[in-house]
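Geometric and topological summary
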Amino acid sequence: MEEKKSAKVILRELQDKIAQDVWDAKNRGEKIGWCASNFPQEITTAMGIQVTYPENMGAAVGAKGGGQRMCEYAEGMGYSNDLCSYSRINFAYADLKECAEQEIPMPDFLLCCNNICNCMMKWYENLALELDIPLLMIDIPHLDKYTCDEDRIRYIRAQFDDCVRQLEEITGKKMDWDHFREVMDVSQRSSRAWLRAIASMSATPSPFSGFDIFNNMAVACVGRGTVAAAEAFEALADEYEELAAKGETTFKGEEKHRILFEGIACWANLRFTYKALQSRGINLTASVYGPAFSFLYQNMDELMAAYAYVPNSNCFERELEMRVKDAIAHKVDGAVFHMNRSCKNWSGNLYELERRFREETGVPTVMFDGDQSDPRVFSEAQYETRVEALAEIMDERKRAKEAQA
């Protein structure tokens, strides 16, 4: 009898299949695109248009050791090393059209939105110029207040509808709005299951190592509108909840402390950043990065608003509230903040975010310098020192609390 596959294996196989589907479409002569990670995937999924995600490729290349080589190649082309490392890896690939760590088919069009950062907008504009292909842009302005108002929703919806019209012209495929609503439902199913899996970290001990969020999140970006993704995330959530009910965990070692990890993972240094925590009994149980690829809504207006609520697009108070609520729900004892050289928008207010987070939660915090895919910025010695300092503070607090009990 064939052994039942674990959810993480199913997710990995699904990620590979989604990547292969894009290659197959390209080989059949269909128009395929490069797409920003927080672009409304409901559009392409409902229209049966295959797209791939340069940010995911940048993370994979970084994790497999090719980030520095590709970044240096882009810098040799004249691109500044102050640019996002994902963009530099992508610029290098667009010129080389090959990469030993991972390859994606060349695009016939580009899909972009700037709810992540304005670097994304200029990145894709430059690709459109260099590759001489159409760019379809949805402008999602940064929120200057807590909620997305009706004017913003109408503004985003008008661009959303125009994007569909342009995609129909480019690809020859028509939008089926009944199918679109089905995709919305499936996307909600995937999002709720992914969030349920993450929420299981509130158990003590957490049923899994929080770094598994980084390993399992790719499908939430590239395939959440598919039934296969929904089923895989439901299986993952079920597995975690079963472990939590038994008081068991996949975390290697005793969970002495629980932390929030703020920011994008250092893909090129993922093993080191994990081991430095795990060896001290520190488990990651809170992060806004993984949940960012879940979009919850009930109707079209709420869908437009959902894409305005991604991290980096919110007002500061909403961003702070997200972290504080997550930290409290998942019972953290401290926090590690990643000052990411690549992500200027995320890191720009990080000192203030750290200060306010520390005040409102009462837990100790440390910050380290790094990058999502360029290893030249990361210092193992600095990271080790910061984590050691945090561990000492959390140990001292734990001893004091036990003495009072």
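Bear in mind that the values here come from a model prediction, so they are computed numbers and not experimental data.

Moving on, we come to the sheet that holds strand β5 (residues 257-262). Spatial ordering of the open sheet is given by β6-β5-β7-β8, a layout of four strands whose pairing is parallel. Strand pairing shows two members of the sheet lacking a second neighbour, β6 (282-286) and β8 (365-370), which therefore form its edges. Taken pair by pair, the neighbouring strands of this sheet meet at an average axis angle of 35 degrees, ignoring direction. In this sheet, β8 lies alongside strand β7 (residues 334-340) in parallel orientation, the contact comprising six bridges. Counterpart to Ala 335 in the pairing with β8 is Thr 365.

Right, let's get into a nonpolar patch on the surface. A cluster of nonpolar residues, Tyr 73, Met 77 and Leu 96, forms a patch on the protein surface that exposes about 230 Å² of accessible area. Mapped onto the elements, Leu 96 comes out in helix α5 (residues 85-96). Residue Leu 96 is classed as partly exposed on the basis of its relative accessible area, which comes to 32%.

Our focus in this paragraph is helix α8 (residues 177-199). Spanning 23 residues, α8 covers 32 Å between terminal C-alpha atoms, matching the ideal 33 Å at 1.5 Å per step. Along α8, the residues that are buried comprise Phe 180, Val 183, Met 184, Val 186, Ser 187, Gln 188, Ser 190, Ser 191, Ala 193, Trp 194, Ala 197 and Ile 198. Looking at the packing, one finds that the buried side of α8 touches α2 (41-47), α7 (150-171), α9 (211-216), α10 (218-222), α11 (227-246) and α13 (300-306). Its side-chain oxygen placed 3.0 Å from the backbone nitrogen of Asp 178, Asp 176 serves as the N-cap of α8.

Another point: the pairing of β5. Counted residue by residue, β5 has six buried out of six residues, so it is predominantly covered. Judged by which residues are buried, β5 turns out to be covered on both faces: His 257, Ile 259 and Phe 261 on one side and Arg 258, Leu 260 and Glu 262 on the other are all buried. Following the chain from β5 across helix α12 (residues 270-278) to the adjacent parallel β6, one finds a crossover that is right-handed. The sheet contact formed by β5 and β7 spans four bridges and is parallel. Of the residues in β7, the one forming a bridge with Phe 261 is Val 336.

Let us look at the pattern of salt bridges. Tallied over the full model, the rule gives 36 salt bridges. Arg 280 is paired through a salt bridge with Glu 384; the nearest N and O atoms lie 2.6 Å apart. Placement of the pair is Arg 280 in the loop between α12 and β6 and Glu 384 in helix α17 (residues 380-404), with a sequence separation of 104 residues. Here Arg 280 falls in the buried class, since its relative accessible area comes to 18%. A salt bridge links Arg 376 to Asp 374; the shortest N-O distance between them is 2.8 Å.

So, on to helix α14 (residues 316-329). An ideal rise of 1.5 Å per residue puts 20 Å on 14 residues; α14 measures up with 20 Å between its terminal C-alpha atoms. Buried within α14 are the following residues: Arg 318, Glu 319, Leu 320, Arg 323, Val 324, Asp 326 and Ala 327. Contacts made by the buried residues of α14 are with β5, β6, α15 (344-347) and α16 (350-361). The positive-phi residue at the C-terminal boundary of α14 is Lys 331, with phi of around 55 degrees.

Before going further, it helps to spend a moment on the packing of aromatic side chains. The final tally for this structure, using the stated rule, is 23 aromatic pairs. Aromatic side chains Trp 34 and Tyr 93 sit 6.4 Å apart centroid to centroid with 35 degrees between the ring planes, which places their arrangement in the tilted category. Here Trp 34, found in strand β1 (residues 33-35), pairs with Tyr 93, found in helix α5; they are 59 residues apart in sequence, far enough to count as distant. There is no split in this pair, since Trp 34 and Tyr 93 are both buried. Taking the centre distance of 6.0 Å and the plane angle of 50 degrees together, the rings of Phe 214 and Tyr 289 count as tilted. Here Phe 214, found in helix α9, pairs with Tyr 289, found in the loop between β6 and α13; they are 75 residues apart in sequence, far enough to count as distant. Ring pairing ties together the aromatic residues Phe 211, Phe 214, Phe 261, Trp 267, Phe 272, Tyr 274, Tyr 289, Phe 293, Trp 346, Phe 368, Phe 378 and Tyr 383, which thus form one cluster. Looking at Arg 318, its charged tip hangs above the ring of Tyr 146, at a distance of 4.7 Å from the centre.

Let's shift gears to the environment of Lys 275. Following the sequence through the fold, Lys 275 ends up in helix α12. On the basis of relative accessibility, which here comes to 40%, the residue Lys 275 falls in the partly exposed class. The spatial distance from the C-alpha of Lys 275 to the C-alpha of Glu 384 is 9.9 Å, given a sequence separation of 109 residues.

Turning our attention to the sheet that holds strand β3 (residues 109-113). Strands sit in the order β2-β1-β3-β4 across an open sheet of four strands; the sheet is parallel. Edge strands, defined here as strands with exactly one partner in the open sheet, are β2 (51-52) and β4 (135-138). Bridge count between β3 and β4: four bridges; the pairing is parallel. If you follow Leu 111 over to β4, its bridge partner there is Leu 136.

Thresholds, definitions, all that
Residues numbered from 1 in each chain as written. Predicted model: local features only at pLDDT ≥ 70, side-chain atom pairs only at ≥ 80, totals over all residues. Heavy atoms only, no water. Pairing = 2+ DSSP bridges. Helix = DSSP H or I, 4+ residues; strand = E, 2+ residues; numbered from the N terminus. Axes fitted to C-alpha atoms, helices over the stretch in contact; angles between N-to-C directions. Patch = residues over 30% accessible without salt bridge, like charges linked within 9 Å, V, L, I, M, F, W, Y side chains within 5 Å. Areas by Shrake-Rupley, 256 points an atom, 1.4 Å probe, with all protein chains shown as cover. Salt bridge = Lys/Arg side-chain N within 4 Å of Asp/Glu carboxyl O. Buried < 20%, exposed > 50% of the residue type's maximum accessible area, 1.4 Å probe, protein only. Expected span 1.5 Å × (residues − 1). Contact = heavy atoms within 4.5 Å. Polar contact = N/O pair within 3.5 Å; in protein donor to acceptor, adjacent residues only side chain to side chain. Right-handed = clockwise from strand over helix to strand, strands pointing away. Phe/Tyr/Trp six-rings, centres within 6.5 Å; stacked < 30°, edge-to-face > 60°. Lys NZ or Arg CZ within 6 Å of the ring centre and 35° of its normal.

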